[in-house]
Amino acid sequence: MTKSLRLGAILLLSTTALGVAIAVAPVHADGRKTAGQDVAEAHETSRLIFASESRSRHHDRNRRHHHDDDDDDDDGEDGRGGMRPPRAAAPDAPVPDNGLFSGKARPKVDVQ
Amino acid sequence: MKMLLPTLAAATAIALPVMAQARPVTFEATLKPYGGNGAYVVLYVTDAAGKYKGTLWMAGGKAKYYRHLADWQRASGGATTEIDGITGASVGSGKTLKISLDLADALIDAGYEIHVDTAVEDGTDNPSEVVVPLSAKAAGTAVAGKGYVKSFKVTF
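The following refers to the structure shown. Remember, predicted model here, so these are calculated numbers, not experimental data.

### Some details on the packing of aromatic side chains
All names here are of chain B. Taken as a whole and judged by the stated rule, the model has six aromatic pairs over all chains. With a centroid separation of 6.4 Å and 20° between ring planes, the pair formed by Phe27 and Phe152 is classed as stacked. A residue pair is termed long-range when its members are at least 10 positions apart, and Phe27 in strand S1 (residues 22-31) and Phe152 in strand S8 (residues 149-155) qualify at 125 residues. In terms of burial, Phe27 and Phe152 fall into one category: buried. With a centroid separation of 5.8 Å and 80° between ring planes, the pair formed by Tyr66 and Trp72 is classed as edge-to-face. By relative accessible area, Tyr66 is classed as buried at 1%. By relative accessible area, Trp72 is classed as buried at 0%.

### Description of the nonpolar core
Across soluble globular proteins, nonpolar side chains have a tendency to be buried as a group. All names here are of chain B. Residues Phe27, Leu56, Leu134 and Phe152 are the most contacted members of the largest nonpolar core, which totals 46 residues. Contributing elements (two or more residues each) for this core: S1, strand S2 (39-46), strand S3 (52-59), strand S5 (96-104), strand S6 (113-120), strand S7 (125-133) and S8. Here the element with the most residues in this core is S2; it accounts for seven residues.

### What about the pairing of S5 of chain B?
Strand direction decides the pairing type here: strand S1 (residues 108-111) of chain A and S5 of chain B, joined by four bridges, are antiparallel. Bridged to Asp110 of chain A within S5 of chain B is Lys98 of chain B. With nine bridges joining them, S1 of chain B and S5 of chain B adopt antiparallel strand pairing. From the neighbouring strand, Pro24 of chain B faces S5 of chain B, where its bridge partner is Asp102 of chain B.

The rules behind the values
- Residues numbered from 1 in each chain as written.
- Chains lettered and ligands numbered in written order.
- Predicted model: local features only at pLDDT ≥ 70, side-chain atom pairs only at ≥ 80, totals over all residues.
- Heavy atoms only, no water.
- Phe/Tyr/Trp six-rings, centres within 6.5 Å; stacked < 30°, edge-to-face > 60°.
- Helix = DSSP H or I, 4+ residues; strand = E, 2+ residues; numbered from the N terminus.
- Buried < 20%, exposed > 50% of the residue type's maximum accessible area, 1.4 Å probe, protein only.
- Core = buried A, V, L, I, M, F, W, Y, C linked by side-chain atoms within 4.5 Å.
- Pairing = 2+ DSSP bridges.

Bear in mind that shape data such as this cannot, by itself, settle questions of function.
Printed below as a string of structure tokens:
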């Protein structure tokens, strides 16, 4: 009988503790995560980032210079911040006025 | 009707010198079958003193890679205004890039040179891997590059 009472008390305490924990960090109805979940996910993300960086570093050792550029989001910048990306070549794009293109016509380009 | 002939004569007089100043020129660069990513290839012109005159074509669309075309970058300053309207896709391994244009006649046999810089991702940079004079004597002769260019030829 004492044993049953003790078990019942433990079960009751556990349930109460669980209820308190849920009450302290409620899951919002709009889908936002709890603080506990955020912490757990942050740890998971850190692990993923670390693993990714680790793989990246390992991979980088076997790669050539151009992959250094993968970190560049700044297409068209020269480090001084003044350049813009070149326009895509289009049939109607004007050629530069550099004195080379006598007819001002765009070059005809073919890759075979 | 009376005005037709003088008008035609005037138009011809204006048009002829313009036409005479341009010469159709073809540049052909055949790449080696190196088996990697598409090559960035730039063709540009320098004068007799080695001073940059202008770019003829940029094969390769991402400006962030242009610094690997080191001689072109140094000579041109890397300004993208230099290649607006004359930029296309990079050239695949083993492919031939053929560029036809009307080149200013004054550039022929006047000491000007064509430079070709190439660069490939995961590969090497080859500044001025081909340098050929813009001369009647050199025209039609294929030359090999030091890097990815198997042969380069100018014809006019």
